[in-house]
Amino acid sequence: MAYTQFIDGSITSGHNSGSWVNLNPANNEPLGEVHPASGEEIEAAVRSSEKAFQSWRTKTGAERGRVLTRTAQILRSRLGEIAILETQDVGKPLAESLAVDVSSAADALEYFGGMAAGIHGEFFDLKNAFGYTRAEPLGVCLGIGAWNYPIQIAAWKAAPALACGNAMIFKPSELTPATALELARAFMDAGAPPGLFNVLQGDGVVGSKLCEHAGIAKISLTGSVPTGKKIFAGAASQLKRVTLELGGKSPLIVFEDADIHNAVSAALLANFYTQGEVCSNGTRVFVQHKIMDAFLKELKVRTERIKVGDPTDPDTQMGALISKAHLEKVLRFIESGKAAGAKLLTGGLRSEKDFKGRDIRAGNFLTPAIFTDCEDAMEICSDEIFGPVLSILSFDTEEEVIRRANNTDFGLAAGVFTNDIRRGHRVIHQLQAGTCWINNYNITPIELPFGGYKQSGLGRENSLAAIQYYTQLKSVYVELGDVDSPY
Ligand code: NDP
């Protein structure tokens, strides 16, 4: 298997220099070879996307919308085969790829497909004149993805971009080259013009060349804060627009009046879904002193019941971390937590056998970890780990927990559990985070904007709000009388 480029409607056959082997995180066996885009392929992709943009922008919103909704239907009809590719590439449980990844990509295409015909400007009645605005597309947009939700990230970027009349070049993470190609195929099968959605494989070097390319009008990145800063700095030299969806170290606050069972369910979702490799995870779980024992008792029991194992088994609840290097990084954080004096309540060990007794030593498996007795300054409580490591912090008062929750440079997400409706809103309104939940966690419906405050990003994805990040407003003044001139 070779992962090459998807340019102008077809997959390239070129086997380029500098290729690398893509490994299955569940056993570290090769899935195929990734061939990074060459300089000529980058130029060909930009030319092809510019051409597609010129025809696509002249289509009506309804025509564009039909292609997007057909693409969604195609993804749903290929759900099983795409989900298995995603699971092999990322290491996440098949149950998740089926229920969330591919479906959420289709949701975005349906949502923006339905909206395309309604994208419009405004009308202004002026004295002896009128004015109007047009929401015009930007041109060829660049999408750059992280490795944890490859097809979802690609669709969350492509759907609004294309609905607004832009074309897109997408660069997946070097670790997950597979499913962006499936999205490209689905667009073609749905009747998109060749070049409307091109895929270029590559690492940060290819990403950086694309960002600098004068043919790229806008960059949308999902990735880490350091990469976001580099891209933002580079984009400034050409005043390119950017949307940045970056990392987080989000708080989940559980007050003593909360429903403990639901709060534990949310803490598990907020830390162990996709092996904990989720940007918005609530990895700092603040629990009010009085309910700490009851909360921990249930949390430990349910964490130890999580079925870690072969991601392709439909019963598996936690799969393998993306790479050996990432697993080692997460293990280093666990050692750092122990050395700093936090107590490892459970987990944090390399798994040798899975929940059905199968030998999984060859894969990047880790048992879900809970640290108690944590302090805010510990590295495990300040840095994004991006693995299945949950830190418990105790608090006494509302004022105290708000201050501590906000004491971070990140601001992606936050959650509050309480049965006091006034407290729920009061606390959420004071938390410095772009995506918040009251009495749930990590639910991201397409209707709600998604994005971060502070260093967690710029701009928003999903919802009506995304439209403004893929259009530019043209103001038009129309005179109905004579020109009033002093000359
Ligand atoms: P990285 O920042 O390492 O990489 C993100 C993407 O950027 C990859 O495709 C990468 O290429 C590319 N890239 C790296 N350097 C450059 C550069 N100089 N110019 C252009 N592109 C570049 O993040 P990870 O892939 O490791 O993903 C994990 C991070 O993503 C976490 O911090 C996580 O929080 C964040 N994330 C944020 C989400 C959000 O919506 N807020 C959602 C999901 C993840 P390559 O990897 O191929 O080298």
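Our subject is the structure listed above.
Residues numbered from 1 in each chain as written. Predicted model: local features only at pLDDT ≥ 70, side-chain atom pairs only at ≥ 80, totals over all residues. Heavy atoms only, no water.

A. Local environment of the sheet that holds strand 19 (residues 435-438). Across the sheet, which stays open at both edges, the seven strands sit in the order 15-16-17-14-13-18-19 with mixed pairing between neighbours. Unpaired on one side and paired on the other, strand 15 (343-346) and strand 19 mark the two borders of the sheet. Averaged over all pairs of adjacent strands, the angle between strand axes in this sheet comes to 20°, irrespective of strand direction. The pairing of strand 16 (residues 369-372) with strand 17 (residues 389-395) spans three bridges and is parallel. Across the sheet, residue A369 finds its bridge partner in strand 17, namely V389. The strands touched by helix 9 (residues 260-272) are strand 13 (251-254), strand 14 (284-288), strand 16, strand 17 and strand 18 (413-417); relative to strand 17, the strand with the most contacts, the crossing angle is about 135°. Those strands touched by helix 14 (residues 421-430) are strand 13, strand 18 and strand 19, and its axis lies near 165° from that of strand 19. (Pairing = 2+ DSSP bridges. Helix = DSSP H or I, 4+ residues; strand = E, 2+ residues; numbered from the N terminus. Axes fitted to C-alpha atoms, helices over the stretch in contact; angles between N-to-C directions. Contact = heavy atoms within 4.5 Å.)

B. Looking closely at unusual backbone geometry. Positive phi is not limited to glycine here, since N439 has a value of about 60°. One can find N439 in the loop between strand 19 and strand 20 (457-458). Although it is not a glycine, K454 adopts a positive phi angle of roughly 45°. Along the chain, K454 turns up in the loop between strand 19 and strand 20. We classify K454 as partly exposed; its relative accessible area is 37%. (Buried < 20%, exposed > 50% of the residue type's maximum accessible area, 1.4 Å probe, protein only.)

C. Spotlight on a nonpolar patch on the surface. A surface patch of nonpolar side chains, amounting to about 300 Å² of accessible area, comprises F124, L126 and Y477. Following the sequence through the fold, Y477 ends up in strand 21 (residues 471-479). On the basis of relative accessibility, which here comes to 53%, the residue Y477 falls in the exposed class. (Patch = residues over 30% accessible without salt bridge, like charges linked within 9 Å, V, L, I, M, F, W, Y side chains within 5 Å. Areas by Shrake-Rupley, 256 points an atom, 1.4 Å probe, with all protein chains shown as cover. Salt bridge = Lys/Arg side-chain N within 4 Å of Asp/Glu carboxyl O.)

D. Highlighting the pattern of salt bridges. On inspection of all chains with the given rule, the structure shows 22 salt bridges. Note that R358 and D313 form a salt bridge whose closest N and O atoms lie 2.8 Å from each other. Taken together, the residues R358 in the loop between strand 15 and strand 16 and D313 in the loop between helix 10 (292-304) and helix 11 (324-339) connect sequence positions 45 residues apart. Overall, the relative accessible area of 30% leaves R358 in the partly exposed class. Among the salt bridges present, the one from R404 reaches D376, with a minimum N-O distance of 2.7 Å. Of the two residues, R404 sits in helix 13 (residues 398-405) while D376 sits in the loop between strand 16 and helix 12 (379-382), which places them 28 residues apart along the sequence. Note on R404: relative accessible area 13%, which makes it buried. Look at the salt bridges and you will find they share partners, linking D313, D315, D354, K356 and R358 into a network.

E. Focus on the packing of aromatic side chains. All told, the structure shown has nine aromatic pairs when counted by the stated rule. Each ring, one from Y111 and one from F112, has its centre 5.0 Å from the other, and the planes form 85°; the classification is edge-to-face. For F112, a relative accessible area of 0% puts it in the buried group. Among the aromatic side chains, those forming a connected cluster through ring pairs are F123, F130 and Y132. Lying over the aromatic face of Y470, K218 brings its terminal NZ or CZ to 4.7 Å of the ring centre. Seen from the ring of F355, R358 lies directly overhead, with NZ or CZ sitting 5.8 Å from the centre. (Phe/Tyr/Trp six-rings, centres within 6.5 Å; stacked < 30°, edge-to-face > 60°. Lys NZ or Arg CZ within 6 Å of the ring centre and 35° of its normal.)

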